[in-house]
Amino acid sequence: MRMAVDLLLTRWGTLDAEGALAYTQSMKNRKRAGQASMQVLRVLASQDPEKAKEWLATLTDNPEAKNGWMGHFYAGTVATEWVRQDPEAAIAWAKSLPDSQRRGALGGALETIAATNPVEAAGLAMDLEAGKERSDVVGKIAESWAETAPKDALAWAMTLPGEDGESAVNRAISGWAEVDAPAAAAFVDEIPAEERSD
């Protein structure tokens, strides 16, 4: 049943995204409503990122959509699709958002770029202000990069200082383990015990 509803919402979002989004906001199960909204929002953002951005701005009366997990994921969904069409505009928009939405949008945009050009994504990530937000983003980039070029991802991760480096190394090893666990484990075994984190 859930798959049928998902297919219906995707098709509805293609034909009438505003109507489909209005429907998702009326759903009684809030968690399911959030998931359904993101699905329709993904379709809208791939067709018209400006409209998706406007819809997100209208949710300011909903604290979860603005500052909570929903805002984080909604903004990430829009940025993930928008960055495929216009990376500069998508990243500029992401940087202008409030905290939670900004983290989601930057993470989504840079992860999407990292899938095809991790070096560019890494450079863009280092333009962000140092702190938890940047550490999260560089970690996601390192993880994505390590799935296709683990040694390159780890070489980059090991050049980063402090929290950025710790996040990137941990996530790169995790990404590598997803595709080649024995090789990732062998790499970890070569790290001196006193330098390993739990």
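### Quick look at the packing of aromatic side chains
Enumeration over the complete set of coordinates arrives at five aromatic pairs. Seen from their ring centres, tryptophan 55 and tyrosine 74 are 5.4 Å apart, and the 70° between their planes marks the pair as edge-to-face. Of this pair, tryptophan 55 sits in helix 3 (residues 49-57) while tyrosine 74 sits in helix 5 (residues 69-85); the two residues are 19 residues apart in sequence, bridging distant segments of the chain. Taken as a pair, tryptophan 55 and tyrosine 74 share a single burial class, namely buried. With 5.6 Å between their ring centres and 35° between their planes, tryptophan 145 and tryptophan 156 make a pair best called tilted. On the criterion of sequence distance, the pair formed by tryptophan 145 in helix 9 (residues 132-146) and tryptophan 156 in helix 10 (residues 150-157) is long-range, its members being eleven residues apart. With respect to class, tryptophan 145 is no different from tryptophan 156; both count as buried.

### Side note on the environment of serine 96
Within the secondary structure layout, serine 96 lies in the loop between helix 6 (87-95) and helix 7 (99-116). A relative accessible area of 53% places serine 96 in the exposed class. A polar atom in the side chain of serine 96 sits 2.6 Å from the backbone oxygen of tryptophan 93.

### Topic: the environment of valine 40
Its location among the elements puts valine 40 in helix 2 (residues 30-47). Residue valine 40 is classed as buried on the basis of its relative accessible area of 0%. Separated by 32 residues in the primary sequence, valine 40 and leucine 8 place their C-alpha atoms 10 Å from one another. Beyond its immediate sequence surroundings of up to four residues, valine 40 is in contact with Leu9, Gly13, Ala17, Ala20, Leu21 and Thr24.

Conventions and cut-offs
Residues numbered from 1 in each chain as written. Predicted model: local features only at pLDDT ≥ 70, side-chain atom pairs only at ≥ 80, totals over all residues. Heavy atoms only, no water. Phe/Tyr/Trp six-rings, centres within 6.5 Å; stacked < 30°, edge-to-face > 60°. Helix = DSSP H or I, 4+ residues; strand = E, 2+ residues; numbered from the N terminus. Buried < 20%, exposed > 50% of the residue type's maximum accessible area, 1.4 Å probe, protein only. Polar contact = N/O pair within 3.5 Å; in protein donor to acceptor, adjacent residues only side chain to side chain. Contact = heavy atoms within 4.5 Å.

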